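These are the residues of each chain, in order.
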Amino acid sequence: MSQEIFKAEILPIREKLFHIAQKMLTDEQDAEDAIQEVLLKLWHTRESLLNYDNVAAFATTVTKNHCLDRLKIKKRTESLDE
């Protein structure tokens, strides 16, 4: 996937991904950080994105899974602090 295709297919859904992350993480800065990490992951795996029929759906799934991972880490960290 070229840079132009990535910009055309992934970047337009950035706001949608951000809203998903914000709902899941509740903190705006955490959501912004999560989306930056997701976009970086997608960029590094951009060649394999061509294998997906619906790249937006895949990006949404990656975002949700990334947020769930962040929540698990946060929960573990909070339980260690107690």
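Residues numbered from 1 in each chain as written. Predicted model: local features only at pLDDT ≥ 70, side-chain atom pairs only at ≥ 80, totals over all residues. Heavy atoms only, no water.

The subject of this paragraph is the environment of glutamine 3. As for its placement among the helices and strands, glutamine 3 is situated in helix H1 (residues 3–9). With 43 residues separating them in the primary sequence, glutamine 3 and arginine 46 have C-alpha atoms 8.8 Å apart. (Helix = DSSP H or I, 4+ residues; strand = E, 2+ residues; numbered from the N terminus.)

Attention shifts here to the packing of helix H2 (residues 14–25) against helix H3 (residues 28–44). It is the contact of H2 with H3, at a shortest axis distance of 8 Å, that shows an interaxial angle of 130 degrees. Comparing the axis directions of H2 and H3 gives the class oblique. The interaxial crossing formed by H2 with H3 has right-handed handedness. Facing Arg14, Leu17, Phe18, Ala21, Gln22 and Leu25 of H2, the residues of H3 in contact are Glu28, Asp30, Ala31, Glu32, Ala34, Ile35, Gln36 and Leu39. Residues of the contact of H2 with H3, tallied by class, amount to eight nonpolar, two polar and four charged. (Axes fitted to C-alpha atoms, helices over the stretch in contact; angles between N-to-C directions. Parallel < 35°, antiparallel > 145°, perpendicular 65-115°, else oblique. Left-handed = near helix turned anticlockwise from the far one by under 90°. Contact = heavy atoms within 4.5 Å. Nonpolar A, V, L, I, M, F, W, Y, C, P; charged D, E, K, R; others polar.)

This paragraph deals with unusual backbone geometry. Notably, threonine 26 is not glycine yet its phi reads approximately 65 degrees, a positive angle. The residue threonine 26 is located in the loop between H2 and H3 in this model. A relative accessible area of 65% places threonine 26 in the exposed class. (Buried < 20%, exposed > 50% of the residue type's maximum accessible area, 1.4 Å probe, protein only.)

Here we come to the pattern of salt bridges. Evaluation of the coordinates by the stated rule reveals three salt bridges. Ionic pairing is found between glutamate 15 and arginine 14, a salt bridge with its closest N-O pair at 3.5 Å. Residue glutamate 15 is classed as partly exposed on the basis of its relative accessible area of 44%. Glutamate 37 is paired through a salt bridge with arginine 70; the nearest N and O atoms lie 3.2 Å apart. Taken as a pair, glutamate 37 in helix H3 and arginine 70 in helix H4 (residues 55–81) lie far apart in primary sequence, 33 residues in all. Take arginine 70: its relative accessible area is 21%, and that puts it in the partly exposed class. Bridged by salt links that share partners, the residues Arg14, Glu15 and Glu32 form one connected network. (Salt bridge = Lys/Arg side-chain N within 4 Å of Asp/Glu carboxyl O.)

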